[in-house]
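# Architecture and fold: a report
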Amino acid sequence: MTEEPLLSVRDLKKHYPIKKGLFNRQVGAAKAVDGISFDIGRGETLGLVGESGCGKSTAATSIIRLEEPTSGEVIFNGRDRSKGSTNADGVHSNDITNFSDRELKAFRRDAQMIFQDPSSSFDPRVKVGSSVAEMLQVHGMSDRRRRRKIVENLLERVGLSASDYDRYPHEFSGGQKQRIALARALVLNPDLIVADEPVSALDVSIQAEILTLIKDLQAEFDLSLLFISHDMSVIKKVCDRVAVMYLGEIVEIGPTDRVFADPQHPYTEALLSAIPTPDPRSTAKGIELKGTVPSPTDPPSGCRFHTRCHRVIQPEGLDIDQSNWRGLLTLRDRLVAGAIDVESMRENLGVAEDSDGTGIRSQLRTEFDLEDQLSDAKAETALKNALDRVVDGDSEGAGEVLTSEFTTPCEETVPDRTRHADDHESACLLHDREGVVTPAAADD
Amino acid sequence: MSTAEPLLEVEDLTTTFSTDDGELMAVDGIDFSVDSGETVCIVGESGSGKTVATESITRIVKSPPGHVEGSVRFKGQDLLEMSEPELRDIRGYEIAHIFQNPQEAMNHCYTVGWQIMEALQIHRDVSNEEARAKAVDLLDKVGIANASSRFDDHPHEFSGGQKQRVMIAMALVGDPDLLIADEPTTALDVTVQAQILRLLDDLQEEFDMGILFVTHDLGVVAEIADRIIVMYAGKVMERGGVLDIFDHPAHPYTQQLLNCLPDIGGNTGGIPGKLPDPHDPPDGCRFAARCDHTIDACRTGQQPEEVEVNPGQKASCVYYRPAHDDSVIRDGIQNTEPDTTEVGSADD
């Protein structure tokens, strides 16, 4: 992009403090958004996609300062702010995070937000026309008739009729309400619209209509869009570029076609494969991401995705089946977390059948996708040792054995962004093997 | 089921609501059946009556009080003739429901374990210890890690996907013969959706449950369904095996629905028009006003009788009557050959 982007987000962070005790001391922070950076050009749609809890919505609200970001820069060059520059004290004059109340109010004219649930974003006792017109009033248009005229005109533009001005929200369906929400977002003629899951509460047939409307209006008003969704197929339909978020970080960003056709980050790959294909014959089971997104209060070290990644890297000198490797690491993590309850396993198996612990051993191997005999002798010895300890009730010790034996570069090194082609970047060690610090086989 | 009688057999099910604007017929005389170990999907736009149809089975239709008629035979008994206490023994025990929104389906003042225990103890006289053991077991089965310690957590301490798992655990409390799942994955992420669908599949195998699955997501349908029922404006438009419906949809509505899929038809504009007014449904075919092939015969009389268009596949469309030429509709099928080179194959 040669021209100045409309919005530049640099290393944006939003941490929610966790307080405890009598004096409300801060004991930690939920790192909802942890250093994300991207640009949105004029007239461009950037999609932000990821599982729930990955910080997409927090990113959106922090960007338009509905919530105060913890740190980072958000440079907005809309309206006549185009010639911003960095002041002597290092603060950019168009940095939203430093706007005063007056600047912020002006900014609110230029950036609008659409929310997921159209039903809860309208006051049920106010006519929808007045809800839309209120925006004009707040921003200083005192002529009631002119307000009405603008709103009536806009209602027609979004596919409703001017007479709908005097109706109440409950008289409209979800899709119609979302049209009104669009009208409300457009009434101040903004440069940027942040749409947070704007169609996920709608029916598929209506989703398609609203997405088409959004695209048409975007072209008509030359809007930039930040489009947040957990639904990859929606992103594919409307976005020029897409950023994939995981646990507060962007793991991959690039042109939508490229990312969909050739995902570079294993997380993107897994997300794409989880989309159900409307083909009853396809039996290909997608890559299964086990477990849920880890807690953002204590994100995993290194690459945050390594606890669930199906391509997690094996240390130098080890070469076993990848699903075995994944299973080993998962077993290790579960043991360390104390999440494996041998007693209840034994109960389920029946004590009589399992006096020597063979049942538990084989059940653990099945559960964690481990072969009866790992192909690497050293690894197999370590695993056997650990399983013996599990059977003896020493889960902690078993965890220690596995921890000292098995480590992955992914948990030690934070991956840098690798540039693939035209704007397509991802943050994965697989693309960055030269930079890998070779871990010693027995680290501690 | 060893006998010829299906697990659930619904005949002429009609659900009406009395509203200020008159009688509203949400479900209008539909038939369907579900066998043990089988997954039947009801698909259609919102407002087509899919949810009301499933809620009518156990008469849990919400206000304004719906009036349910017809017959719903479950394991040989007619549920609609049962008294409320009799029905309560079956509801939530032999027939279990899972709803779209787990947040709303749980009481956030109680721990999830307590709520699962309650579901069990309402139906069976079991001690607290036994109930607790069963609840922990179920939580474990649906894939909640650390089930025994999560037992005492409140719903807000669970993520959306975990809550849906808890809902499924609660539904499984009575080893149900029939599980009615109303858009259980619509509010979830794709990754979690995949996990839940897989879970349902495993559980179905384990318990030989019949599953009646309501959804509008045809991708999900393709993944799990054995048979499909396509509903529109309270009527069944088409029914058949999953391959039949996807390969050669017979009803113009089904064809248009499949056309809306980005990977198949690429019709991003949706189906033009709206569902007809349920207070005053039009004569003839309910879909006539939005159909590309409407002729005069479509606008008179009742919704056309369902005609068998292929073995096991039936459609309710006048074109399949003997006097009409059904090639017009059958030709529409060619456009909907699934194109699997899109998103779906980006994974391998």
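What you are looking at is a predicted structure, and each value in this text was computed from that prediction instead of being measured. (Residues numbered from 1 in each chain as written. Chains lettered and ligands numbered in written order. Predicted model: local features only at pLDDT ≥ 70, side-chain atom pairs only at ≥ 80, totals over all residues.)

### Observations regarding the overall build of chain B
Scanning chain B for helices and strands turns up 12 helices and 12 strands. On C-alpha atoms alone, chain B measures out to a radius of gyration of 21 Å, which is about the 20 Å that the 2.2 N^0.38 rule sets for 348 residues. Projected onto the principal axes, the alpha-carbon positions of chain B cover approximately 65 × 55 × 45 Å. Counting all 348 residues of chain B, 50% fall into the buried class. Long-range contacts, defined as pairs at least 24 residues apart, comprise 62% of the intrachain contacts of chain B with a sequence gap of at least 6. (Helix = DSSP H or I, 4+ residues; strand = E, 2+ residues; numbered from the N terminus. Rg over C-alpha atoms; globule rule 2.2 N^0.38 Å. Buried ≥ 20, exposed ≤ 12 C-beta atoms within 10 Å, placed from the backbone. Contact = placed C-beta atoms within 7 Å.)

### What about the overall build of chain A?
Helix and strand content of chain A: 14 helices and 11 strands. Dimensions of chain A along its principal axes, counting C-alpha atoms only, are 85 × 55 × 55 Å. The long-range fraction of contacts in chain A, counting pairs at least 24 apart against all pairs at least 6 apart in sequence, stands at 67%.

### Considering the pairing of strand 11 (residues 307-310) of chain B
Bridge count for strand 11 of chain B against strand 12 (residues 313-315) of chain B is 3 bridges, and the pairing is antiparallel. Across the sheet, residue Glu 308 of chain B finds its bridge partner in strand 12 of chain B, namely Lys 314 of chain B. (Pairing = 2+ DSSP bridges.)

### Some words on the domain arrangement of chain B
Residues and elements named next belong to chain B. When the domains of chain B are assigned, the result is domain 1 (8-225) and domain 2 (241-340). The interface is formed by 11 residues belonging to domain 1 together with 8 residues belonging to domain 2. Those elements that place two or more of their residues in the side of domain 1 that touches domain 2 are strand 2 (22-34) and helix 9 (218-224). The greatest single-element share of the side of domain 1 that touches domain 2, amounting to 4 residues, is contributed by strand 2. By residue class, the composition of the side of domain 1 that touches domain 2 is 6 nonpolar, 3 polar and 2 charged. (Domains from an automatic or database assignment. Nonpolar A, V, L, I, M, F, W, Y, C, P; charged D, E, K, R; others polar.)

### Overview of the pairing of strand 3 (residues 39-43) of chain B
Residue and element names in this part refer to chain B. Counting buried residues along strand 3, 5 of its 5 residues qualify, which places the element largely inside the surrounding structure. Residues Thr 39, Cys 41 and Val 43 of strand 3 are buried on one face, and the alternating residues Val 40 and Ile 42, pointing to the opposite face, are buried as well. Examined bridge by bridge, strand 3 and strand 8 (residues 210-214) share 4 bridges and lie parallel to one another. Each residue of the ladder has a partner; that of Cys 41, found in strand 8, is Phe 213. As paired strands, strand 3 and strand 9 (residues 227-232) are joined by 4 bridges and run parallel to one another. Bridge pairing in strand 9 links Val 40 to Arg 227.

### Some details on helix 8 (residues 190-207) of chain B
For an α-helix the count is 3.6 residues per turn, leaving residues at separations of three or four pointing the same way. With 18 residues, helix 8 of chain B ought to run about 26 Å at 1.5 Å a step, and its terminal C-alpha atoms sit 25 Å apart, in line with that. Of all the residues in helix 8 of chain B, the buried ones are Val 190, Thr 191, Val 192, Gln 193, Ala 194, Gln 195, Ile 196 and Leu 200 of chain B. At its buried positions, helix 8 of chain B is contacted by helix 7 (232-238) and helix 9 (266-273) of chain A together with helix 7 (160-171) and strand 8 of chain B. (Expected span 1.5 Å × (residues − 1).)

### Considering the sheet that holds strand 11 (residues 424-426) of chain A
All names here are of chain A. On the basis of which strands lie adjacent, the open sheet formed by 8 strands has the order 5-6-7-3-8-9-11-10 and mixed pairing. Across the chains shown, the open sheet's two edge strands, defined by having one partner strand only, are strand 5 (111-114) and strand 10 (418-421). Direction aside, neighbouring strands of the sheet carry axes that sit 20° apart on average. Bridge analysis of strand 3 (residues 45-49) against strand 7 (residues 224-229) gives 5 bridges, and the strand direction is parallel. When the bridges of strand 7 are listed, Leu 46 appears paired with Leu 226. Contacts from helix 9 reach strand 8 (241-246) and strand 9 (249-255), with the element oriented near 100° to strand 8. (Axes fitted to C-alpha atoms, helices over the stretch in contact; angles between N-to-C directions.)

### Here we look at the sheet that holds strand 5 (residues 77-78) of chain B
What holds strands together in a sheet is hydrogen bonding between their backbones, with the strands either parallel or antiparallel. Residues and elements named next belong to chain B. Read across the open sheet, the 4 strands follow the order 2-1-4-5; overall the sheet is antiparallel. A strand with exactly one partner marks an edge of an open sheet, and here the two such strands are strand 2 and strand 5. As judged from the 2 bridges shared by strand 4 (residues 66-74) and strand 5, these two strands associate in the antiparallel manner. Pairing of Phe 74 across the sheet is with Gln 77, part of strand 5.

### Brief notes about the environment of Asp 333 of chain A
One can find Asp 333 of chain A in helix 10 (residues 322-336). Along the sequence, Asp 333 of chain A and Val 138 of chain A sit 195 residues apart, while their C-alpha atoms lie 54 Å from each other.

### Here's the deal with the confidence of the model for chain A
Fine structural detail should not be taken from predicted coordinates in areas where pLDDT scores are low. Residues with a pLDDT of 70 or more make up 93% of chain A, whose mean pLDDT is 85. In the model, residues 434-444 of chain A has pLDDT below 50 throughout and makes 18 contacts with residues more than four positions away in sequence or in other chains. (pLDDT = per-residue confidence, 0-100.)

### Let's talk about the domain arrangement of chain A
Per the domain assignment, the segments making up chain A are domain 1 (7-272) and domain 2 (322-406). Taking only C-alpha atoms into account, the centre of domain 1 of chain A sits 47 Å from that of domain 2 of chain A.

### A closer look at the packing of helix 3 (residues 128-138) of chain A against helix 4 (residues 144-157) of chain A
To characterise two packed helices, one gives the angle between the axes of the helices and the distance between these axes. Residue and element names in this part refer to chain A. Close contact between helix 3 and helix 4 brings their axes to 9 Å; oriented N to C, the two are set at 125°. In terms of their interaxial angle, helix 3 and helix 4 are classed as oblique. Where helix 3 crosses over helix 4, the handedness of that crossing is right-handed. Where helix 3 abuts helix 4, its residues Gly 129, Val 132, Ala 133, Leu 136 and Gln 137 lie against Arg 147, Arg 148, Ile 150, Val 151 and Leu 154. Counted by class, the contact of helix 3 with helix 4 contains 6 nonpolar, 2 polar and 2 charged residues. (Parallel < 35°, antiparallel > 145°, perpendicular 65-115°, else oblique. Left-handed = near helix turned anticlockwise from the far one by under 90°.)

### A short note on the nonpolar core
Side chains that are nonpolar tend, in soluble globular proteins, to be buried together. In this structure, Val 194 and Val 244 of chain A together with Ile 116 and Leu 178 of chain B are the most contacted members of the largest nonpolar core, which totals 211 residues. The residues touching Ile 116 of chain B, leaving out its near neighbours within four places in the chain, are Ala 135, Leu 138, Ala 169, Met 170 and Val 173 of chain B. (Core = buried A, V, L, I, M, F, W, Y, C linked by C-beta atoms within 7 Å.)

### Considering the packing of helix 4 (residues 112-123) of chain B against helix 7 of chain B
Residue and element names in this part refer to chain B. Look at helix 4 against helix 7: their axes get within 9 Å of each other, and the N-to-C directions meet at 25°. Regarding the angle of helix 4 to helix 7, the classification is roughly parallel. For the pair helix 4 and helix 7, the crossing hand works out as right-handed. The residues of helix 7 that touch helix 4, namely those facing Val 112, Gln 115, Ile 116 and Ala 119, are Val 166, Ala 169 and Met 170. Across the contact of helix 4 with helix 7, the residue classes tally to 6 nonpolar, 1 polar and no charged.

### As for helix 4 of chain A
All names here are of chain A. In this model helix 4 runs 20 Å from its N-terminal to its C-terminal C-alpha over 14 residues, within 8% of the 20 Å that 1.5 Å per residue would give. All of the buried residues in helix 4 are Arg 147, Val 151, Leu 154 and Leu 155. Seen end-on, helix 4 carries its buried residues on one side only, within an arc spanning 105°. Among the exposed residues of helix 4, those pointing more than 90 degrees away from its buried face are Arg 145, Arg 146 and Asn 153. Those residues of helix 4 that are buried are in contact with helix 3 and helix 5 (174-186). At the exit of helix 4 stands Gly 159, carrying a positive phi of roughly 90°. (Arc of directions from axis to C-beta.)

### A closer look at unusual backbone geometry
Residues and elements named next belong to chain A. Although it is not a glycine, Asn 189 sits at a positive phi angle of roughly 55°. Assignment of secondary structure puts Asn 189 in the loop between helix 5 and strand 6 (192-196). Residues other than glycine seldom take positive phi values, yet Asp 369 does so here, at roughly 60°. Tracing the backbone shows Asp 369 in the loop between helix 12 (358-367) and helix 13 (377-391).

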